[in-house]
Amino acid sequence: MRSIALTNQKGGVAKTTTTVNLGAGLAHMGKRVLLVDLDPQGNLSSWLGLDIHNLERSMYNVFLEEVYFEEILTKTCIENMTLAPANVALAGVERILAHEKGRDLILRKRMLPVVDNYDYILLDCPPSLGLITINALTFVREIFIPVETKVLALNGLITLVNTVQVVKERLNHNLEVTGIIACRFDGRTNLSNEVYNQIKERFKEKVFHSVIRENIRLAECPISGKPITLYAPDSPGAIDYTNLAEEVVQQEKKT
Ligand SMILES: Nc1ncnc2c1ncn2[C@@H]1O[C@H](COP(=O)(O)OP(=O)(O)OP(=O)(O)O)[C@@H](O)[C@H]1O
Ligand SMILES: [Mg+2]
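Reading the values: rules and limits
- Residues numbered from 1 in each chain as written.
- Chains lettered and ligands numbered in written order.
- Predicted model: local features only at pLDDT ≥ 70, side-chain atom pairs only at ≥ 80, totals over all residues.
- Heavy atoms only, no water.
- Helix = DSSP H or I, 4+ residues; strand = E, 2+ residues; numbered from the N terminus.
- Rg over C-alpha atoms; globule rule 2.2 N^0.38 Å.
- Buried < 20%, exposed > 50% of the residue type's maximum accessible area, 1.4 Å probe, protein only.
- Near = heavy atom within 4 Å.
- Polar contact = N/O pair within 3.5 Å; in protein donor to acceptor, adjacent residues only side chain to side chain.
- Areas by Shrake-Rupley, 256 points an atom, 1.4 Å probe, with all protein chains shown as cover.
- Pairing = 2+ DSSP bridges.
- Contact = heavy atoms within 4.5 Å.
- Axes fitted to C-alpha atoms, helices over the stretch in contact; angles between N-to-C directions.
- UniProt positions renumbered as here; feature names shortened; annotations may be inferred.
- Parallel < 35°, antiparallel > 145°, perpendicular 65-115°, else oblique.
- Left-handed = near helix turned anticlockwise from the far one by under 90°.
- Phe/Tyr/Trp six-rings, centres within 6.5 Å; stacked < 30°, edge-to-face > 60°.
- Lys NZ or Arg CZ within 6 Å of the ring centre and 35° of its normal.
- Salt bridge = Lys/Arg side-chain N within 4 Å of Asp/Glu carboxyl O.

> Please explain the overall build of the chain as it appears in this structure.
In terms of helices and strands, the chain carries 11 helices and 7 strands. On C-alpha atoms alone, the chain measures out to a radius of gyration of 17 Å, which is about the 18 Å that the 2.2 N^0.38 rule sets for 255 residues. Structurally, the chain occupies a C-alpha span of about 50 × 40 × 35 Å along its principal axes. Evaluated residue by residue, the chain yields a buried proportion of 54% over its 255 residues.

> It is not clear to me how the site of ligand 1 should be interpreted in this structure. Could you clarify?
Neighbouring ligand 1 are 18 residues, the closest being Lys15, Thr16, Thr17, Arg184 and Asn215. Gly12 is positioned with one of its backbone polar atoms (N or O) 3.0 Å from an oxygen atom of ligand 1. Gln41 places a side-chain nitrogen or oxygen 3.1 Å from an oxygen atom of ligand 1. Protein chains bury 84% of the 630 Å² of accessible surface belonging to ligand 1 in isolation. Broken down by secondary-structure element, the contributors of at least two residues to the shell around ligand 1 are helix 1 (15-28) and helix 9 (216-224). Here the element with the most residues in the shell around ligand 1 is helix 1; it accounts for 3 residues.

> Help me understand the sheet that holds strand 1 (residues 2-6), please; the structure alone is not making it clear to me.
The strands that make up a sheet pair up through hydrogen bonds in the backbone, lying either parallel or antiparallel. In space, the 7 strands of this open sheet follow the order 3-4-2-5-1-6-7, with mixed pairing throughout. Two strands lie at the open edges of the sheet, namely strand 3 (74-75) and strand 7 (176-183), each paired on one side alone. Strand direction decides the pairing type here: strand 2 (residues 33-37) and strand 4 (residues 81-84), joined by 4 bridges, are parallel. In the sheet register, Leu35 faces strand 4, and the bridge partner there is Leu83. In the packing of helix 7 (residues 154-170) onto the sheet, contacts are made with strand 6 (142-148) and strand 7, and the angle to strand 6 comes to roughly 170°.

> Please explain the UniProt feature "domain: AAA" (unreviewed entry) in the chain as it appears in this structure.
Per the UniProt record, "domain: AAA" (unreviewed entry) is annotated on residues 1-177. Between the first and last C-alpha atoms of residues 1-177 the distance is 16 Å; the span itself is 34% helix and 17% strand.

> Where do I start with unusual backbone geometry in this structure?
In terms of backbone geometry, most residues other than glycine have negative phi values and most peptide bonds are trans. In the Ramachandran plot, Ala14 falls in the positive-phi region, its phi being about 95° despite a non-glycine side chain. Among the structural elements, Ala14 can be located in the loop between strand 1 and helix 1. One non-glycine residue with positive phi stands out, namely Glu65, at about 60°.

> How do you make sense of the packing of helix 6 (residues 131-139) against helix 7 when you look at a structure like this?
Packed helices, taken two at a time, are described by the angle their axes make and the gap between the axes. Running from N to C, helix 6 and helix 7 cross one another at 60°; their axes reach a closest spacing of 10 Å. By the criterion of interaxial angle, the relationship of helix 6 to helix 7 is oblique. Of the two elements, helix 6 crosses helix 7, and the hand of that crossing is right-handed. In this structure, helix 6 contributes Ile134, Leu137 and Thr138 to the contact, and helix 7 contributes Thr163, Val164 and Val167.

> Help me out: how do you make sense of the packing of aromatic side chains in this one?
Aromatic ring pairs: the centre-centre distance and the angle between the two ring planes describe each pair. One pass over the full model with this rule turns up 2 aromatic pairs. Seen in terms of ring centroids, Phe185 and Tyr196 are 6.1 Å apart; in terms of plane orientation they differ by 75°. Their pairing is edge-to-face. Of this pair, Phe185 sits in the loop between strand 7 and helix 8 (190-203) while Tyr196 is found in helix 8, placing the two residues 11 residues apart along the sequence. Tyr196 matches Phe185 in its accessibility class, with the two residues each being buried. Seen from the ring of Phe203, Arg202 lies directly overhead, with NZ or CZ sitting 4.7 Å from the centre.

> When you look at the pattern of salt bridges in this model, what are you seeing that I'm missing?
Opposite charge on two side chains permits pairing when their charged atoms draw close. For the structure shown, the criterion picks out 11 salt bridges. For the salt bridge of Lys31 with Glu252, the shortest nitrogen-to-oxygen distance reads 3.4 Å. Of this pair, Lys31 sits in the loop between helix 1 and strand 2 while Glu252 sits in the segment after helix 11 (236-251), and the two are 221 residues apart along the sequence. Lys31 sits in the buried class, given a relative accessible area of 18%. The residue Arg188 makes a salt bridge to Asp186 at a minimum N-O spacing of 3.0 Å. Since its relative accessible area comes to 17%, Asp186 is described here as buried. A cluster of three or more residues bridged by salt bridges with shared partners is formed by Lys150, Arg184 and Glu214.

Here it is, written out as structure tokens:
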């Protein structure tokens, strides 16, 4: 089993887009995939067709230890891909648990019983480094960082890597950044190329060769309720995420 947090405290860098479409790519390759929505915006859950305003049970109840993790799981349009949904209620968790002892360890504790049911567990983190993201980083072994190659991103990445280091030392010795994903890449612009070269120079072989190009089909995709491989199978977005999934599976040989 590989557990991977898709994390970047910067908003709108394609964390959710990557969670859905990398997850689908892995599921198409026969992997058993679990997607966990950790964002109170619930974008992952609504993308996969849930009515997030009327969830009976969600990650909120899991954090408050009101239900077992298994009880909130729902099927998706892809057979071997399962979803743990979230909605705006999750925003309350930070405040409710603010003074709770062991609050960083809740997700790890709650998810432990199910981990062996999956080959890949992908966690879609919110755009912050608050309690929910720290819980994700305490549970997983790996972090993938999606980077929007349309904006100079290095400073934010250094903040993130420092946070990862603190969590690694204090809470989770196994934690490692194992992939940087260049997203929204537009090869016609100097900026995209420059950002790509910068992250390559800083993070070297951690940067995936597969680059996710800017693609209108990906932007349209969430309202379709499906991943890009079903919505627009011949689009550049489908090709790029399929290549990324293959590269991620290739990593298994190294780990
Ligand atoms: N390769 C791409 N081509 C075109 N549009 C994209 C691409 N990747 C992501 N987008 C669009 O960029 C926006 C942000 O993407 P997404 O919601 O996945 O980012 P996020 O990091 O999850 O955001 P947040 O921090 O709010 O959770 C969305 O409108 C999405 O459709
Ligand atoms: Mg998101």
